[in-house]
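Breakdown of the fold
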Amino acid sequence: MQYPHDFHRVRGALYCERVPVARIASEVGTPVYIYSHKTLVEHLAKLQQAFRALAPLICFSVKANGNLAILKLLVKHGAGLDIVSGGELYKALQAGCPSSKIVFASVGKRPEEIRESLRVGIFCFNVESEPELESIHAIARAMGKVARVALRVNPDVEAHTHRHITTGIRGTKFGIDPKTALAIFRRHSALSGVRIIGIHLHIGSQITEASPFVQAIKRGANVIRAGRRMGAPIDWINLGGGLGIIYKDEAPQTPKQFAAAVLPLLQSLHARLILEPGRFIVGNAGILVTEVLYVKKAHGTRFAVVDAGMNDLIRPALYGAYHEVIPVGVPRPSRNGHGRYDVVGPICESADVFARDRQLGAVGSGELLAILGAGAYGSTMASNYNGRLRPVEVLVRGARWAVIRRRETRQDLIRYDVIPKAILS
Ligand code: LLP
């Protein structure tokens with residue numbers, strides 16, 4: 001496997017670090033998300049290393065994976081956190097993240113979320129519109145505080161990725177156009193409740209080349225220079241997340257290559273750097289393990305029906321995303337060359353397909369498959385659709401492993417439902 005991660009084969013069977021994946025599945029059942037501690041820490045370290053000349057603040061994007069144990073371990077290794085809601089603020093604080101390392105992006109921050117963030121003293125709001133800036137200013141004033149903010153500039157740069165995860169072009173709801181940013185700088189001193197300390201540029205996700213980032217920084221640099229001329233104390237540039245990983249045959253830039261392309265630009269701006277990586281840190285650090293329930297053939301297509309569904313990992317259904325699927329046990333050659341399968345879940349939707357026409361060798365009911373690259377936007381986007389219990393999650397470190405999220409129970413499915421006697425009696 002070409003993956004830079006710690007899922008590998010030992011005498012043919014799939015291991016996570018030093019633990020056989022099949023052993024975890026037999027103890028906690030399937031579907032199960034399994035994460036490698038080593039991969040997580042190493043990916044964070046690679047970014048820290050590549051950018052160490054600028055001593056960046058690296059804020060892991062909680063939306064990619066919000067498990068408390070994972071947040072805690074990244075925070076322990078020096079990460080801050082990038083949040084998008086009061087719920088994620090709560091998680092970040094529960095994970096022990098210093099509030100001075102929390103940045104808050106979202107096109108729709110509620111007043112209460114702004115108030116709460118000011119109360120705990122987060123490092124910075126990434127502001128997405130002028131009305132939001134006014135709102136933060138007014139709330140901060142009423143609290144006797146000054147909010148640090150970065151203007152999220154939409155630089156109108158094509159990121160060459162899926163359109164659902166392209167955020168830095170005109171027509172998307174994200175950020176402020178450069179002209180409006182300049183208008184804001186022009187009157188920034190009248191906004192005494194906010195201090196504009198930076199600009200933020202998140203142009204999309206799963207970006208495999210440096211050039212869109214370079215282009216965005218160049219446009220952002222013009223905004224920074226103009227802002228500084230107008231007296232705004234712009235010390236920070238936040239490049240957002242977006243670093244692509246290998247799902248199939250991509251050849252994404254390494255952190256080193258990325259740093260080599262953008263460091264000179266950042267250095268000439270004399271700006272401090274924030275990064276908000278999600279997928280790069282956790283994407284290849286997690287797999288989803290599922291059991292084959294049935295193998296069926298219909299109209300000439302061979303299906304492996306598995307016990308995970310699009311509710312557990314929605315990326316293939318939502319974005320047509322490719323995830324590698326491999327047997328957990330020793331791969332077996334198929335007889336008569338009939339080793340190609342569509343890997344499908346049990347959900348009543350035609351989109352409930354993890355993989356089409358994949359060579360898996362011989363696969364039988366009761367056998368385990370691993371869906372790779374499932375660590376980012378897997379468990380965080382899971383749902384209870386079709387009355388399904390969201391999966392258990394496990395963290396492996398060396399030869400040790402532990403459950404970091406229990407499987408939901410049937411009681412969980414009805415926990416928030418209310419039977420209103422006044423209406424139903
Ligand atoms: N910062 C901001 C402001 C973001 O909106 C995002 C992701 C990130 C950082 C982290 O981006 P990353 O490093 O993970 O690319 N559900 C989609 C991805 C949505 C990304 C949303 N924003 C997927 O499964 O591909």
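Here the structure is a predicted model, which means the values were calculated and not measured.

Conventions we followed
Residues numbered from 1 in each chain as written. Predicted model: local features only at pLDDT ≥ 70, side-chain atom pairs only at ≥ 80, totals over all residues. Heavy atoms only, no water. Pairing = 2+ DSSP bridges. Helix = DSSP H or I, 4+ residues; strand = E, 2+ residues; numbered from the N terminus. Axes fitted to C-alpha atoms, helices over the stretch in contact; angles between N-to-C directions. Salt bridge = Lys/Arg side-chain N within 4 Å of Asp/Glu carboxyl O. Buried < 20%, exposed > 50% of the residue type's maximum accessible area, 1.4 Å probe, protein only. Domains from an automatic or database assignment. Contact = heavy atoms within 4.5 Å. Buried area = accessible area lost by both parts, 1.4 Å probe.

1. Details of the sheet that holds strand β2 (residues 13-16)
Strands sit in the order β1-β2-β3 across an open sheet of three strands; the sheet is antiparallel. Because the sheet does not close on itself, it has two edges, and the strands there are β1 (7-10) and β3 (19-20). Sheet topology places β2 next to β3; two bridges connect them, and they run antiparallel. Note on β3: the bridge partner recorded for Y15 is P20.

2. A closer look at the sheet that holds strand β12 (residues 272-275)
Spatially, the eight strands close up into a barrel ordered β5-β6-β7-β8-β9-β10-β11-β12, and their pairing is parallel. Each neighbouring strand pair of the sheet contributes to a mean axis angle of 30 degrees, computed without reference to strand direction. One ladder, built from three bridges, connects strand β11 (residues 236-238) with β12; its direction is parallel. Looking across to β12, one finds that N238 is bridged to I274.

3. Quick look at the pattern of salt bridges
Here the structure, examined in full by the defined rule, presents 17 salt bridges. For R119, the salt bridge is made with E112, and the minimal N-O distance between the two is 3.8 Å. Using a relative accessible area of 38% as the deciding quantity, one classes E112 as partly exposed. Salt bridges here are not isolated pairs; linked through shared partners, they connect D6, K38 and E42.

4. As for the domain arrangement of the chain
Looking at the assigned domains, one finds that the chain contains domain 1 (7-35 + 283-414) and domain 2 (105-277). Here the C-alpha centroids of domain 1 and domain 2 sit 36 Å apart. Each partner contributes residues to the interface: domain 1 has ten residues there, and domain 2 has eight residues. Summed over both sides, the interface between domain 1 and domain 2 buries roughly 760 Å², with carbon and sulfur atoms accounting for 56% of that surface.

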